[in-house]
Amino acid sequence: MKSQLSRRRLLAGLLAGGGGVLLTGCDRLVQDDAVNAWLSHIEKLTMGSQRLLLGRQRLAREYGEADLSPVFRANGTQMPDSEDYARMLDRGFADWRLQVDGLVRHPLSLSLSDLKRFPPRTQITRHDCVEGWSAIGKWRGVPLGQVLDVAGLKPGARYVVFHCADELERTLDGSGRYYESIDLLDAYHPQTLLAYGMNGGDLPVAHGAPLRLRVERQLGYKHAKYLMRIEVVAAFGGMGSGKGGYWEDRGYEWYAGI
Ligand SMILES: Nc1nc2c(c(=O)[nH]1)N[C@H]1C(S)=C(S)[C@@H](COP(=O)(O)O)O[C@H]1N2
Ligand SMILES: [Mo]
């Protein structure tokens, strides 16, 4: 009951913020009957869709503290090479915002502190890179499904695209920018996180600061680092070379299940 109420406050606060989203408790709005009825309506809808999706989903194995890898290798970009990123890093990501847009009812612009006000999840999992190495790390973040619920999916939504700050390959047309996509099944998987913490501290720059994706049932390249924008789409064929991700455009599988 209590968590139901605080969840509703969180939703109301987020929706009330408009452009610059504020997560302050907004009792006046919560007391409004029409808003309340509408919120419980979307809660029921999302609960229904989550139950349906989650019933088909297995959890990735979780480990204990003793299993943590002493060294977790960093791969791909380890420091985005752009002035914008350098500026955000300088300011401790205080002015970084995650945009959530596309097929959503309420586009969001979330600061790190906004994200940290969602109920967090911590998990210790094994990361497997196609290049043949694995490492066990502890991740802390917001389950992606919670953010999508607040944004509210529009009809036709099928995939979530993650736009990153880094260009892994320097190109004139921007086609070397890292991006990834997953379907709603993975987006609503309980272990799919927007992670801001690693091994008990802030997410280090080499591992994707300030925010990265963890999508534990898939290989390493799906775990997009340096997130800037989440876009909900009906199809991803129009982006990049049309295969749904930086490495997919270069021949890797879109569904990299493990
Ligand atoms: N933005 C971005 N995300 C990325 C990459 C990258 O180069 N840029 N590399 C991917 C690959 S291939 C792997 S194995 C993991 C590496 O994560 P790590 O640096 O935390 O080990 O990030 C993935 N996500
Ligand atoms: Mo990888």
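Going by an unreviewed UniProt entry, the protein chain carries the name Molybdopterin-dependent oxidoreductase and comes from Acerihabitans arboris.

Asker: Help me out: how do you make sense of the pattern of salt bridges in this one?
Answerer: Proximity of charged atoms lets side chains of opposite charge pair with each other. If you walk through the whole model with that rule in mind, you get 15 salt bridges. A salt bridge links Arg91 to Asp95, with the shortest nitrogen-to-oxygen separation between them at 2.4 Å. The closest approach of N and O atoms between Glu248 and Lys222, which form a salt bridge, is 2.9 Å. Of this pair, Glu248 sits in the segment after β10 (227-233) while Lys222 sits in the loop between β9 (212-214) and β10, placing them 26 residues apart in sequence. Across the pair, exposure class does not vary: Glu248 and Lys222 are buried alike. Connected through shared salt-bridge partners, Asp81, Glu167 and Arg170 make up one network.

Asker: Explain the pairing of strand β6 (residues 177-183) to me, please; I cannot follow it from the model alone.
Answerer: Each regular strand shows side chains that alternate between the opposite faces of the sheet. Burial analysis of β6 places 5 of its 7 residues in the buried class, the great majority of the element. Two strands pair when backbone bridges link them, and strand β5 (residues 159-167) and β6 are joined in this way by 6 bridges, in the antiparallel orientation. Looking at the pairing, His163 lines up with Tyr179 of β6.

Asker: How should the environment of Ser241 be read in this particular structure?
Answerer: Note on placement: Ser241 falls in the segment after β10. Not counting chain neighbours up to four residues away, the residues in contact with Ser241 comprise Tyr179 and Asp249.

Asker: I would appreciate a short explanation of the site of ligand 1 in the present structure.
Answerer: In the region of ligand 1, 22 residues are neighbours, and Arg73, Asp166, His207, Arg212 and Lys225 sit closest. Residue Arg73 places a main-chain N or O atom 2.7 Å away from an oxygen atom belonging to ligand 1. Contacts to ligand 1 include Thr77, whose backbone N or O atom sits 2.9 Å from an oxygen atom. For the shell around ligand 1, the elements supplying multiple residues, two or more each, are β3 (121-129) and β5.

Asker: I'm lost on unusual backbone geometry in this one. Help?
Answerer: Trans peptide bonds make up most of the peptide bonds, and negative phi angles are found at most residues other than glycine. Cis rather than trans, the peptide bond between Ala209 and Pro210 has omega equal to 5°. The topology assignment puts Pro210 in the loop between β8 (201-202) and β9. Of note, the phi angle at Phe93 is positive, near 65°, even though the residue is not glycine. Phe93 gets classed as buried once you look at its relative accessible area, which sits at 8%. The phi dihedral of Tyr226 is positive, around 50°, even though this residue is not glycine. By the element assignment, Tyr226 lies in the loop between β9 and β10. Judged by its relative accessible area of 1%, Tyr226 falls in the buried class.

Asker: Teacher, can you tell me more about the packing of aromatic side chains here?
Answerer: The geometry of two aromatic rings is summed up by the distance between their centres and the angle between their planes. In this structure the tally under the stated criterion is 11 aromatic pairs. Plain terms: the ring middles of Phe236 and Trp254 are 5.4 Å apart, the flat faces sit at 25° to each other, and that makes the pair stacked. Highlighted residues: Phe236 in the segment after β10 and Trp254 in the segment after β10, separated in sequence by 18 residues. When its relative accessible area of 14% is taken as the criterion, Phe236 is described as buried. Note on Trp247 and Tyr252: the rings are 5.1 Å apart at their centroids and 20° apart in plane angle, and the pair reads as stacked. Judged by its relative accessible area of 26%, Trp247 falls in the partly exposed class. On the basis of relative accessible area, Tyr252 is assigned to the partly exposed category, the value being 31%. Three or more aromatic residues joined by ring pairs form one cluster here, namely Tyr178, Tyr221, Tyr246, Trp247 and Tyr252. When the ring centre of Tyr246 is taken as origin, the NZ or CZ atom of Arg250, which lies over that ring, is 3.6 Å away.

Asker: Hey, could you run me through the nonpolar core in this one?
Answerer: Where a protein is soluble and globular, its nonpolar side chains tend to be buried together. Counting 43 residues, the largest nonpolar core has Leu98, Leu144, Val147, Val160, Phe162, Leu194 and Leu227 as the members making the most contacts within it. In contact with Val160, not counting residues within four places along its chain, are Leu144, Leu148, Glu180, Ser181, Ile182, Leu184, Ala187, Ile230 and Glu231.

Asker: What's the story with the environment of Leu89 in this structure? I'm lost.
Answerer: Mapped onto the elements, Leu89 comes out in helix α4 (residues 83-90). Here Leu89 falls in the partly exposed class, since its relative accessible area comes to 28%. Each C-alpha atom, one on Leu89 and one on Pro210, is 8.5 Å from the other, the two residues being 121 residues apart in sequence.

Calculation rules
Numbering of residues starts from 1 in each chain and follows the order in which that chain's sequence is written. Following the order in which they are written, the chains are lettered starting with A and the ligands numbered starting with 1. A pLDDT threshold of at least 70 governs which residues receive local features in this predicted model, and a stricter bar of 80 or more applies before side-chain atom pairs are shown or counted, although totals over entire chains, interfaces and linings include all residues. Here the side-chain values reflect all heavy atoms present in the structure, with hydrogen atoms and water set aside. The salt bridge criterion pairs a side-chain nitrogen of Lys or Arg with a carboxyl oxygen of Asp or Glu, the two atoms within 4 Å. Labels follow the DSSP assignment, with helices taken as runs of H or I lasting at least four residues and strands as runs of E lasting at least two, numbered in each case from the N terminus. Each residue gets one of three labels from its accessible area relative to the maximum for its type: buried under 20%, exposed over 50%, partly exposed in between, using a 1.4 Å probe on protein chains only. Two strands make a pair as long as DSSP finds a minimum of two bridges between them. Here, residues are in contact when the closest pair of their heavy atoms is within 4.5 Å. Definition of nearness: a residue and a molecule or strand are near each other if at least one heavy atom of the residue lies within 4 Å of the molecule or strand. Polar contact is defined as a pair of N or O atoms within 3.5 Å, subject to the rule that within protein one atom must be able to donate a hydrogen and the other to accept it, and that residues adjacent in sequence are counted only when both atoms are side-chain atoms. Aromatic contacts are taken between Phe, Tyr and Trp rings whose centres are within 6.5 Å, Trp giving its six-membered ring; a plane angle under 30 degrees counts as stacked, one over 60 as edge-to-face, and the others as tilted. Criterion for a charge above a ring: Arg CZ or Lys NZ at most 6 Å from the ring centre, at most 35 degrees from the ring normal. Buried Ala, Val, Leu, Ile, Met, Phe, Trp, Tyr and Cys residues form a nonpolar core when they are joined through side-chain atoms within 4.5 Å.

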